[in-house]
Number of protein chains: 2
Amino acid sequence: IINGWKTMERVAARAWEMGMADPRKIVFSAKMGLALVLISLLIFLKEPFKDMGRYCVWAILTVVVVFEFSIGATLSKGFNRGLGTLSAGGLALAMAELSEWAGEWEEAIIVLSIFIVGFCATYAKLYPTMKAYEYGFRVFLITYCFITVSGYRTGEFIHTATNRFLFIALGAAVSLGVNMCIYPIWAGEDLHNLVAKNFMGVAKSLEGVVNNYLNCIEYERVPSKILVYQASDDPVYSGYRSAVESTSQEDTLMGFAVWEPPHGHYKTLKYPWKNYVKVSGALRHCAFMVMALHGCILSEIQAPPEKRQVFRHELQRVGSEGAKLLRELGNKVKKMEKLGRADILYEVHEAAEQLQMKIDKKSYLLVNSEGWEIGNRPREAGHDPHDLLDMGDQRKFLQHKSLSEAVLDLRAVHIGKNWDDICPDFVPSGPIGSNLTANTSENNRSERQPSWLGHVSFKAGDAVAVLTEAESKTYESASALSLATFTSLLIEFVARLQNLVDSFEELGEVAKFKDPLEQQAPI
Amino acid sequence: IINGWKTMERVAARAWEMGMADPRKIVFSAKMGLALVLISLLIFLKEPFKDMGRYCVWAILTVVVVFEFSIGATLSKGFNRGLGTLSAGGLALAMAELSEWAGEWEEAIIVLSIFIVGFCATYAKLYPTMKAYEYGFRVFLITYCFITVSGYRTGEFIHTATNRFLFIALGAAVSLGVNMCIYPIWAGEDLHNLVAKNFMGVAKSLEGVVNNYLNCIEYERVPSKILVYQASDDPVYSGYRSAVESTSQEDTLMGFAVWEPPHGHYKTLKYPWKNYVKVSGALRHCAFMVMALHGCILSEIQAPPEKRQVFRHELQRVGSEGAKLLRELGNKVKKMEKLGRADILYEVHEAAEQLQMKIDKKSYLLVNSEGWEIGNRPREAGHDPHDLLDMGDQRKFLQHKSLSEAVLDLRAVHIGKNWDDICPDFVPSGPIGSNLTANTSENNRSERQPSWLGHVSFKAGDAVAVLTEAESKTYESASALSLATFTSLLIEFVARLQNLVDSFEELGEVAKFKDPLEQQAPI
C-alpha cells in the first residue's frame, strides 16, 4: 500500500510538472471534459426522440474523435468526418435503390458493393497525397457499411443516414464551439514559436561549439547517443539536433495551420505558413554546418591547442557574430518584424573575412612541411612566440561514459610530437623524456580501445610502439588540417547565412511583417 | 466529359503504378474488403439476436479502425481498444452502482463523473510516454460516455457494456484473423528493409559526391530545395537525405514491430528491433559526414580542379572503398549475416591512410604561401607538372535553376588568378589577358547575385573590380583550403565507420545472425 501511495505521489508530481510546463494542456483537458458534459446533457434532455439511445453514440464518438489539441486539427478532422459521412451516405442510398431493383440478388449486390467500396477506399487511402484525408476515408467506410447493413435490416436507409448525419453534426458543433470559443489553441502559433525556438537552439549550439573548440574541451568518450543520433542532454548537441529533427513536427503543424481561420497576429487569409517552414529549412541548412563543426570536436583527430589559440580571436568573433545574427533573426521572427535598413550580415561577413585573412597569413600553421617533397618550409617554431601560447592546462575533458566511440585515436601521438617540436619548454624532461611520454600514453590508449592504427601495428607483427617516424608525422599533419577544416566549415556556415536571410526576407514580405522603420517614424 | 474521362485515365494510371511499385497495397486493400464482407455476413446471418441493429455498428467500427497495414499496428490497436473498452466498462458499471445509491443526485453525479473522467483521460493522453496508448484513451472515453449515457436511459448498464464488448471482440477477431492469416504484412520486415535501403542510399551518395568532386561537377545554381532541406531528385542528395530523414519512420515501425510475434526470419521472442534502429543511427552519423562532403560541392568556394587531380587516385579509392563497405554491410543486414573473420575495415582504412600520407607529402598544395608572414615557401609551380593536369575542359555545370543560392562567389577570381599562377600555359592570351578574363567574369558574376564581397566593394565606393591583390589572394587560399576540408571530412567519415561496424556487430550478436564461416564449413 505504501508503494502504491508513493507511485501515486510520483505520478501526481509528474502531472503537475507537465501542467506547469505547458498550462494549455490543463485548459485543453478541461475543455474536453466540458464538451463531453454538454453532449451528455443534450442527450439527457432531448427525451422526445425515441431513437436517441441508438444514435447518441454518434454524437459522443464525434466529440471524442474530433476534439483535437489545436483548432486546425479539429477543423481538419471535422471536415474529414463531415465529408466522409455525407459522401458515404449518398453512395449508400444510391446503392440501396440499386439493390432493391435487383430483386432476389439483393444480398449478393450488397455484399459485393461492400467489398468494392472497402477495396477502393483503402487503396485510395494508401496513395501518398491522400494521407491528409486518411481519416475521411475511414469515416467513409464506417458510414457506408453501417448504413448499408442496418438499412438492410430495418429497411430504413434514409432514416438511418439522416439521423446519423444529424448526430454527427451535433457532436461536431459542440466540439467546435467549445474548442474555438474557450481559450483556443492555434497550431499556427505553435509553428511560429517552434521556428523561433529553432533559431535560438542553433545559436546556442554555434556558440557552444566555437567555445568548446577554442577551450579544447574534448569528449574523453563520445556519448554513444550522439554516435547513433539519439536525443542526448549535451547542450551543444541538443540545440542543433532539435532544429534538425523538427521537420516532421513542422509539417504536421503546417498541415493543421492551413485549416485555421485568420486570428491574432495572422490576419491575412491564406497566411503563408509554408514560408515559416521554408525559413526553418534554410536554418536547418545552416544547422548542418554547425553539426559538421561539432563533428570536429567529436573527432579523434584534434588540432593542437596552441595552434587554435592563434586564431582564437577571429574564430570567437565569427562564432559570436553568427550567434548574434541568428538570435536577432529569431527575435524578428518571433516579433514578426522586418529587417532594418542596415545590412544585418555586415558584421558577420566582416568577421569571416578577417578570419580568412588571418588564415591566409598563417596558413603555414595548418600544414606540416616536414614531409614535403619540394623541401621544407622555413621553420616557424619560435617565430611568433606570443601566438603559440602554452594551452596545456586548458585541456579539459568532459566526463562521459559510453562503450562505443570513434577510433581515430591519435591524440597521444601528436601531443607528444607536436608539443615537443613547437613548445620545447613545455615538457620539462626534454626531448628524450617527451618521446617516452608519447610512447607510454600510446600504450595506455591502445589498451582502451581498438586503434585506428590497429592493422598497421598488426602488420608489423608487434602490437605497440610500432609508430614509425613517418606515420606519426602523417598524423601530425592530419591534426593540423583539422583546424583548417574547422575554419572553412565555419566560413561555409557564414556563407549559408545569406540564404537564411533571403528566405527570412521573403517571409517578411509575404507575411506582411511590421517594418521597424515605419514604427519609429512618429517618434 | 472528355476532360473527366482523361482525369479518370490519369487516376487509374497512377493507381496502377502504385500497385506495381508495392503489390502489398493491393493485397491489403483486398483483405480490408474481405474483412468488411465477413463482418457484414455475420451480422446478416445472426438474425436471432434482437439488438443486432443497435450494436452491429461496434463490430463494423472495430474492423475499420483496427485493420491496419502491418500486423504490429493491428495488434497494438486491437490491444488498445480491448483494454480501453474493458477498463471503461468496469468503471462505468462501478459508477452506475454509485449513482443509484445517490438517489436524487444521480444526474449530477453522472455529469460530474463524465467531466472528471474526460479531464483525466485527456490529460494523461498528453503525457509524452503515453503517446503509444493515445488510441486506448480515446476508446476509454467513448466507451465510458456511451455506457453511462445509454445505460442511464435504458437502465441496462450491464447489458449495454457486455454487448458492446462482445461486438468489439467479434470485430477484432475478424480483422485479426483476416489480417494475420492471409498474406501478413510485418512492420518488422519493413524496418529491416528500410535499414538495408539506407545503407545503399548513403553508399550511392558517397560515390556520387566523390566522383562529382573529382570531375569538378558544380551546381551552376544550387537547387533551392536543397537550401531549405526539402526533398529533391538530385541523386546524390536524395541518397543521404532519405537516410537522415527516416528517424520518425523507423521509430513508428519499431513501435509496431515490438508487438509482432516471432515470425519468418525473426524467430526469437523479444527480437532486438531496437538494435536495427541503433545501426541506422550509426549509419546516420556517417551520413552527416557525406552531407558535409556534399556541402563542399554546394559551396561557392571551390578548390581549383588541377589541385583536386593531384589527389584523384587516393580520394577515389577512399570513396569507392567506403561505398563498398557500406554496400557490404547493407547486404549483410539484409541477409542477416555476421561479418566474416577478415577485418572488413582493412581496405578502407588502408585507403584513408594513403590519402593521409599523400596529403602530408603535398600539403603545400593546400595553402597559399604568398601571404605568409614568415616568408614564401619554395615555388612549387612546375615542380610536379604531371600532377597539375589541366582540367579546364572537365569543369561541368549541372543545370539547375533556382532563385536563391549561397553567395560566396569567388570562383571567377580564383580561376583567373590560380590558373594563371600555376598553369601559365592554360590561358592562351598570357598574363594580361588572363587578368582581363578574371575581371570580366567577376563583372558577370556580380550581376548575377549579391556577392560575398558586396560590402567590401561598397566600402570602397565603387561596385566592381575593387578586388585588391591582397583580397583576391585571400580567396585563393580559401579555395585551396576547401580541398583540405574535403579530404579531412572524408577521413572523418572513414573514422566514423568503425562505430558503424561496432553497432552492426552488436546487432549481429543479439539478433543471432548467421555466421558465414559456419555455413561454409560443411563444404
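Residues numbered from 1 in each chain as written. Chains lettered and ligands numbered in written order. Predicted model: local features only at pLDDT ≥ 70, side-chain atom pairs only at ≥ 80, totals over all residues. Heavy atoms only, no water.

**What to know about the side chain of Ser175 of chain A**
You can see Ser175 of chain A is positioned in helix H7 (residues 157–181). A polar side-chain atom of Ser175 of chain A sits 2.9 Å from the main-chain carbonyl oxygen of Gly171 of chain A. (Helix = DSSP H or I, 4+ residues; strand = E, 2+ residues; numbered from the N terminus. Polar contact = N/O pair within 3.5 Å; in protein donor to acceptor, adjacent residues only side chain to side chain.)

**What to know about a nonpolar patch on the surface**
Residue and element names in this part refer to chain A. Judged by side-chain polarity, Phe79, Leu83, Met130, Tyr133, Val258 and Trp259 come together as a nonpolar surface patch covering roughly 540 Å² of accessible area. Examined against the element boundaries, Phe79 turns out to sit in helix H4 (residues 71–101). The class for Phe79 is partly exposed, based on a relative accessible area of 38%. (Patch = residues over 30% accessible without salt bridge, like charges linked within 9 Å, V, L, I, M, F, W, Y side chains within 5 Å. Areas by Shrake-Rupley, 256 points an atom, 1.4 Å probe, with all protein chains shown as cover. Salt bridge = Lys/Arg side-chain N within 4 Å of Asp/Glu carboxyl O. Buried < 20%, exposed > 50% of the residue type's maximum accessible area, 1.4 Å probe, protein only.)

**With respect to the packing of helix H12 (residues 273–298) of chain A against helix H12 (residues 273–298) of chain B**
Running from N to C, H12 of chain A and H12 of chain B cross one another at 120 degrees; their axes reach a closest spacing of 10 Å. Considering the relative orientation of H12 of chain A and H12 of chain B, their crossing is left-handed. Residue-level inspection shows His285, Phe288, Met291, Ala292 and Leu298 of chain A of H12 of chain A in contact with H12 of chain B, the latter providing His285, Phe288, Met291, Ala292 and Leu298 of chain B. A breakdown of the residues in the contact of H12 of chain A with H12 of chain B according to their chemical character gives eight nonpolar, two polar and no charged. (Axes fitted to C-alpha atoms, helices over the stretch in contact; angles between N-to-C directions. Left-handed = near helix turned anticlockwise from the far one by under 90°. Contact = heavy atoms within 4.5 Å. Nonpolar A, V, L, I, M, F, W, Y, C, P; charged D, E, K, R; others polar.)

**Structural notes on the nonpolar core**
Grouped together as the largest cluster of nonpolar side chains are 162 residues, with contacts concentrated most on Tyr276 and Leu500 of chain A together with Tyr276 and Leu500 of chain B. With residues up to four places along the chain from it excluded, the contact list for Tyr276 of chain A reads Leu191, His192, Val195, Tyr266, Tyr271, Val333, Met336, Leu507 and Phe513 of chain A. (Core = buried A, V, L, I, M, F, W, Y, C linked by side-chain atoms within 4.5 Å.)

**Here's the deal with the confidence of the model for chain A**
Detailed reading of the predicted model is not advised wherever pLDDT is low. Residues and elements named next belong to chain A. Predicted confidence across chain A gives a mean pLDDT of 75, with 74% of residues reaching 70 or more. Looking across chain A, the model is least confident in helix H17 (residues 430–448), with a mean pLDDT of 34, and most confident in helix H8 (residues 187–214), with 90. Scored below 50 in pLDDT, residues 377–467 makes 165 contacts in the model with residues more than four places away or belonging to other chains. Note on the complex model: pTM 0.77, ipTM 0.76. (pLDDT = per-residue confidence, 0-100.)

**Re the side chain of Glu68 of chain A**
Inspection of the secondary structure puts Glu68 of chain A in the loop between helix H3 (52–66) and H4. Once residues lying within four places of it in the same chain are set aside, the contact partners of Glu68 of chain A are Phe28, Ala73, Thr74, Lys77 and Asn179 of chain A together with Arg138 of chain B.

**Some remarks on the pattern of salt bridges**
Applying the stated criterion across every chain yields a total of 28 salt bridges over all chains. A salt bridge links Glu68 of chain B to Lys77 of chain B, with the shortest nitrogen-to-oxygen separation between them at 3.1 Å. Taken individually, Glu68 of chain B and Lys77 of chain B each receive the classification buried, so the pair is uniform in this respect. Taken together, the salt bridges that share partners define one network made up of Glu68 and Lys77 of chain A together with Glu134 and Arg138 of chain B.

**Here's the deal with the packing of aromatic side chains**
This model, assessed by the stated rule, comprises 28 aromatic pairs over all chains. Ring centres of Phe119 of chain B and Tyr123 of chain B lie 5.9 Å apart, and the angle between their planes is 5 degrees; on these two criteria the pair is classed as stacked. Of this pair, Phe119 of chain B and Tyr123 of chain B both sit in helix H5 (residues 106–125), four residues apart, which is roughly one turn of the helix. The class of Phe119 of chain B is partly exposed, set by a relative accessible area of 25%. Note on Tyr123 of chain B: relative accessible area 12%, which makes it buried. Three or more aromatic residues link up through ring pairs in this structure, and these residues are Tyr266, Tyr271, Trp273, Tyr276, Phe504 and Phe513 of chain A. Over the ring of Tyr135 of chain A we find Lys77 of chain A; its NZ or CZ atom is 4.7 Å from the centre of that ring. (Phe/Tyr/Trp six-rings, centres within 6.5 Å; stacked < 30°, edge-to-face > 60°. Lys NZ or Arg CZ within 6 Å of the ring centre and 35° of its normal.)

**What to know about unusual backbone geometry**
All names here are of chain A. Even without a glycine there, the phi angle at Met336 is positive, about 60 degrees. Take Met336: it is sitting in the loop between helix H14 (312–335) and helix H15 (346–362). On the basis of relative accessible area, Met336 is assigned to the buried category, the value being 8%.

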